[in-house]
Amino acid sequence: VTGMLQSVSHDGVELLSAPLQPHFWRAPVDNDRGNRMPNRQGVWRNAGASWRCDSLEVTESAGGVVIAASGQITSVNAPYTLTYTIRPSGEVHVQAEMGKPNRDGTGELPRFGLRMGVNDSITDLTWYGRGPDETTWDRDELPLGRWESTVAEQYFQYSEPQETGTHVSTRWLALTSEDSPGLAVFADPAGCSIPEQAITFSALPYAAEDIEAAKYA
């Protein structure tokens, strides 16, 4: 039992190419390399892949079926729980919680989030939030609106590959295609500690590991 959401399908079409899983890393930017972030916080690079699910609890409520998958991020010895609430409408509410790591030298957490791979046929991106360019926690002054792009266009070719295509303060996003079903993600303000920031996301054609490993764009 992995505790990860492995499959989402519609009319027989599988939408995921990789499961929804814990993710704590981002491809370092120039400033990160300058302050040795990859060394100081490197323990988090593959921490998500070290999650081991120890228990699975299934309960029913008025809002749907609740599945709680609990275990450990073993590389940092931290308790971690993913809770899925599957609603009658077909929506899946996901909540991630992690306790304090029981290991020295973990440094600051580069990112706390989840990632998944989607079907290659899903190429279009629409979101409601800041745009149309990428934004970060300290550069969030762009207009609020509904924006359209493609997954390929989200990757900016810096002279040295690094984190790109991030969007903060997002209310919702949709990954779609003309020829197949798509996926939509909505912020849950009631469950967000900073409601006005909502979702931070990126939708890229490359994984963070591949971007970090590449030397030139």
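Quantities reported herein were computed from a predicted structural model and do not represent experimental measurements.

Draft legend 1. Summary view of the overall build of the chain. Regarding its fold elements, the chain presents three helices and 14 strands. Since a compact globule built from 217 residues should have a radius of gyration of about 17 Å, the 18 Å found for the chain is in line with a globular shape. Its C-alpha atoms give the chain principal-axis dimensions of about 50 × 45 × 30 Å. In the chain, buried positions account for 35% of the 217 residues. In the chain, 59% of the contacts between residues at least 6 apart in sequence involve partners at least 24 apart. Total accessible area on the chain stands at roughly 12400 Å², and carbon and sulfur atoms take up 50% of it. Separation of charge centres in the chain, based on 16 positive and 29 negative side chains, amounts to 9 Å.

Draft legend 2. Representation of the nonpolar core within the structure. Ranked by internal contacts, the top residues of the largest apolar core, which has 16 residues, are F24, W44, W51, I73, V76 and Y80. If you list the elements that add at least two residues to this core, you get β4 (51-61), β5 (64-73) and β6 (78-86). The element that contributes the greatest number of residues to this core is β6, accounting for four residues. L16, L175, F201 and A203 belong to the second-largest nonpolar core, a separate cluster that totals 12 residues.

Draft legend 3. Fine view of unusual backbone geometry. Here the bond from G131 into P132 is cis, since omega is 5 degrees, no more than 30 degrees from zero. Residue position: P132 is located in the loop between β9 (124-130) and β10 (144-150). The phi angle at D11 is positive, at roughly 55 degrees, despite the residue not being glycine. Note that D11 resides in the loop between β1 (9-10) and β2 (13-14). Phi is positive for R36, close to 65 degrees, though the residue is something other than glycine. Among the secondary structure elements, R36 is positioned in the loop between α1 (30-34) and α2 (37-40).

Draft legend 4. How the structure looks around the sheet that holds β9. The strand order β10-β9-β12-β13 describes an open sheet built from four strands, whose pairing is antiparallel. Edge positions in the open sheet fall to β10 and β13 (183-186), since each of these has one partner strand only. Direction aside, neighbouring strands of the sheet carry axes that sit 10 degrees apart on average. Pairing analysis gives seven bridges linking β9 to β10, with the strands arranged antiparallel. Looking across to β10, one finds that W127 is bridged to W147.

Draft legend 5. Broad picture of the packing of aromatic side chains. The full count for this structure, using the stated rule, is eight aromatic pairs. An angle of 45 degrees between the planes, with centres 6.0 Å apart, marks the rings of F24 and F112 as tilted. With F24 in the loop between β3 (16-23) and α1 and F112 in the loop between β7 (92-98) and β8 (113-118), this pair connects stretches of sequence that are 88 residues apart. Classification of F24 as buried rests on a relative accessible area of 1%. Overall, F112 belongs to the partly exposed group, its relative accessible area being 40%.

Draft legend 6. The arrangement of the sheet that holds β4 in detail. One open sheet accounts for four strands, arranged β4-β5-β6-β7; its pairing is antiparallel. Pairing within the sheet leaves two strands with one partner each, and these edge strands are β4 and β7. Strand after strand, the sheet turns through a mean of 15 degrees between neighbouring axes, direction not considered. By the bridge criterion, nine bridges tie β5 to β6 in an arrangement that is antiparallel. Counterpart to V65 in the pairing with β6 is I86.

Conventions we followed
Residues numbered from 1 in each chain as written. Predicted model: local features only at pLDDT ≥ 70, side-chain atom pairs only at ≥ 80, totals over all residues. Heavy atoms only, no water. Helix = DSSP H or I, 4+ residues; strand = E, 2+ residues; numbered from the N terminus. Rg over C-alpha atoms; globule rule 2.2 N^0.38 Å. Buried < 20%, exposed > 50% of the residue type's maximum accessible area, 1.4 Å probe, protein only. Contact = heavy atoms within 4.5 Å. Areas by Shrake-Rupley, 256 points an atom, 1.4 Å probe, with all protein chains shown as cover. Lys, Arg positive; Asp, Glu negative; His and termini not counted. Charge placed at Lys NZ, Arg CZ, Asp CG, Glu CD. Core = buried A, V, L, I, M, F, W, Y, C linked by side-chain atoms within 4.5 Å. Pairing = 2+ DSSP bridges. Axes fitted to C-alpha atoms, helices over the stretch in contact; angles between N-to-C directions. Phe/Tyr/Trp six-rings, centres within 6.5 Å; stacked < 30°, edge-to-face > 60°.

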